[in-house]
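Below, each chain spelled out in residue letters.
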Amino acid sequence: MSRQDRQSDTDRKSPNLLFIFADQMRGMDMGCAGNPVVQTPAMDRLALEGTLLSHCYATSPVCGPNRAILQTGTYPTTNTVIGNDLPLPRGIPTLATIAQENGCRTGYIGKWHLDGLPRSKFTPPGPRRHGYEFWAAYNCTHDYFHPRYYRDTPKVIEVEGYEPAVQTDLALQFLADHESEPFCLALSWGPPHDPYDQVPESYEALYDPDAISLRPNVQESVSNPLALGKECRRTLCRYYAAITGLDDQLGRILTRLDDLGLADNTVVVFTSDHGDMLWSHGWMKKQSPYEEAVHVPFLIRWPGHIPARTTRETLLGTVDVLPTLAGLLGWTHSANLEGTDLSAALCGEPDAIDPPSLLLANYLAEDEAAQQRMPVWRAVRTAQYTYVELPDHVPWMFFDNHADPFQLHNLIDGPDRAEMRRQLREKLSNWLLRTRDPFLPRKQFLDHRGMAQTWAEREREIRL
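Criteria and thresholds
Residues numbered from 1 in each chain as written. Predicted model: local features only at pLDDT ≥ 70, side-chain atom pairs only at ≥ 80, totals over all residues. Heavy atoms only, no water. Helix = DSSP H or I, 4+ residues; strand = E, 2+ residues; numbered from the N terminus. Rg over C-alpha atoms; globule rule 2.2 N^0.38 Å. Buried < 20%, exposed > 50% of the residue type's maximum accessible area, 1.4 Å probe, protein only. Areas by Shrake-Rupley, 256 points an atom, 1.4 Å probe, with all protein chains shown as cover. Lys, Arg positive; Asp, Glu negative; His and termini not counted. Charge placed at Lys NZ, Arg CZ, Asp CG, Glu CD. Salt bridge = Lys/Arg side-chain N within 4 Å of Asp/Glu carboxyl O. Axes fitted to C-alpha atoms, helices over the stretch in contact; angles between N-to-C directions. Parallel < 35°, antiparallel > 145°, perpendicular 65-115°, else oblique. Left-handed = near helix turned anticlockwise from the far one by under 90°. Contact = heavy atoms within 4.5 Å. Phe/Tyr/Trp six-rings, centres within 6.5 Å; stacked < 30°, edge-to-face > 60°. Lys NZ or Arg CZ within 6 Å of the ring centre and 35° of its normal.

Caption draft 1: How the structure looks around the overall build of the chain. Looking only at helices and strands, the chain has 15 helices and 16 strands in total. Its C-alpha radius of gyration of 21 Å places the chain within 12% of the 23 Å reference for a compact globule of 464 residues. Seen through its C-alpha atoms, the chain measures out along the principal axes to roughly 60 × 50 × 50 Å. Burial status across the chain gives 61% buried among its 464 residues. When the accessible surface of the chain is summed, it comes to about 17,600 Å², and 48% of that surface belongs to carbon and sulfur atoms. Distance between charge centroids for the chain: 4 Å, based on 45 positive and 60 negative side chains.

What follows is the structure, encoded as C-alpha cells:
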C-alpha cells in the first residue's frame, strides 16, 4: 500500500496506536528472533501476524536518553536528555502531542523516567506530561512486587500484585474505555530490568539453570563490581522468566483487542529502551556499544497494512520510530523530527530505500557505566559493521558482524581493513556534523552544552 493510499485509508478509519515497550530487554531474546530457550508465544504471534525488524538499535542505550528519543524523534543533542534523571524540556513535540493533533485520546501507563529527580516525584497534569491525558505512571522505580503509580493527584496509589500485571490491567481498562474513539496508548513495563530476582516463582520455575546455554562471548568471572558474587545462569533464568512474564501480559492485550474488535484497526508495537550485557564481554547492564546493549526488539502489526510473517533487516534506530509511526498512520505534524520515516520499508513498498547506517552514542559515563569504567563513545552501525570511537576520535572497536556475530574479534588494528575503517570513520564524522555533536569528554561536553550546573544539581540530588 502506497503512502497516499495509507493516508486516504487512515482518514476513513482513524487507526489506533498501542505502543508497548519493556526495559532493558535484548533484541535477540525472543523465540521469533531465534532464541530457542526463552518462551515468548505472544511475541511470536505478533511476529507471525506482523513484521519483525531484526536490526533495530537503541540510538543511545540508556533509559532516560532513549525514552526521550522514542518520545520526540530527536537526538539527545537536541532534546538535551543526555543522561538519566534529566527532565524532558517542556514544549518539545512528542508522540502524544502529535497524536492529539491528529484526533487521538492519549494515555501513558508505567515507568516514565523523564521528569528529573527525585525519582519518586509526582508529575502533575499539564506540560510535564507532554501531551498524555490519561496518566497512571511513576517516574522511576524497579520494585516489581510493590506496584505504585500516580493518577492526577499527589497521592501515590499502591496496589498488590506483580507490577506488569497491574499495569496491563490498567491498559485493558483504557482499551475498553476508548474502544469507540481513536487512541494512542503507551505502556511501559519495568522488567526484565534488574533486580532480576523480582519475578514470580511460576515463571522462574520454567527455566533450569543447568540447561541454560551461555552466549559465546559471556565471561562469568570478571573483575567487575556489578558482576562479582552473581550467579550467571540463575540470573539468566530470571531474566528469561521476566520476559515470559511480559509475554503473558502481551497475550492478554492481544486477546482484549480481539474481543473488542480493535485488532484490525490498531497498530501494535513492541520494543525496548535498550538491552542488557549480562556478562557478555565481562560487562553488565547497558551503555555499551556491543550488540547485547544496543540491539532491541521491534515487532509491529497492523493487519492489511504491515505484511505478516515477515522479517526485515532494515536498519531502524529508535530515533526513527516516531517519524516512522507518524508516516505509517498518516499523521500530519509540523514537528522537526530528526529521525527517518521508514514506513515505506515497513509496508514493503518496492521503491523504499533502507538507511545505509545508524548513529549510536553514549553521551555520558554515569552511574553503573561509571562503576564499570565504561567511557563515552560514538558509533556507526551499518548492515554489516560496527565502528566505535572514543573522544578526540580515538578508534576503539571495529567488528564485522556478519563474520563475527558475537563480536569476539576487534579488528580496529587489523591491517587488511584500513579502507573500510576509513569509510566508516567518514560516516561517523558525517553523523556528528548532522546531529551537531561536538563529541567531547564528559566535562567538556557538559560545559559546551551549558549543562554543567544542571548535571551537578542532578548528582547532588542523587547523593541526598
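Caption draft 2: Highlighting the pattern of salt bridges. In the structure shown here, the tally under the stated rule is 25 salt bridges. We note a salt bridge from R128 to D115, for which the minimum N-O separation is 2.8 Å. One end of the pair, R128, is in the loop between β4 (105–111) and β5 (134–138); the other, D115, is in the loop between β4 and β5, and 13 residues separate them in sequence. D115 gets classed as buried once you look at its relative accessible area, which sits at 4%. Across the pair E426 and R422 runs a salt bridge whose closest N-O atoms are separated by 3.3 Å. Of the two residues, E426 and R422 both sit in helix α13 (residues 418–434), 4 residues apart, roughly one turn of that helix.

Caption draft 3: Just the environment of G83, in detail. With respect to the secondary-structure elements, G83 resides in the loop between α4 (76–79) and α5 (95–101). Taking relative accessible area as the criterion, G83 reaches 0% and is therefore assigned buried. It is 5.7 Å that separates the C-alpha atoms of G83 and P65, two residues lying 18 residues apart in sequence.

Caption draft 4: View of the packing of helix α6 (residues 163–177) against helix α8 (residues 232–260). Two numbers describe how α6 lies on α8: the axes approach to 10 Å, and their chain directions differ by 10 degrees. As judged from the angle between their axes, α6 and α8 are roughly parallel. For α6 against α8, the interelement crossing comes out right-handed. Side by side, α6 and α8 meet where P164, A165, T168, D169, L172, L175 and A176 of the first sit next to L246, Q249, R252, I253, R256, L257 and L260 of the second.

Caption draft 5: Seen up close, the environment of A68. Take A68: it is sitting in helix α3 (residues 63–72). A residue is classified by how much of its surface remains accessible, and A68, at 0% relative accessible area, is buried. Excluding residues within four positions of it along the chain, A68 makes contact with G73, N79, V81, L88 and L114.

Caption draft 6: The packing of aromatic side chains, seen in detail. Applying the stated criterion across every chain, the model contains 17 aromatic pairs. Taking 4.8 Å as the distance between ring centres and 80 degrees as the angle between the ring planes, the aromatic pair formed by Y108 and W112 counts as edge-to-face. Per residue, the accessibility class of Y108 equals that of W112, and both read buried. Taking 6.5 Å as the distance between ring centres and 50 degrees as the angle between the ring planes, the aromatic pair formed by W189 and F270 counts as tilted. Of the two residues, W189 sits in strand β8 (residues 183–192) while F270 sits in strand β9 (residues 266–272), which places them 81 residues apart along the sequence. For W189, a relative accessible area of 0% puts it in the buried group. Here F270 falls in the buried class, since its relative accessible area comes to 0%. One cation-aromatic arrangement involves R148 over Y138; the distance from NZ or CZ to the ring centre is 5.8 Å.

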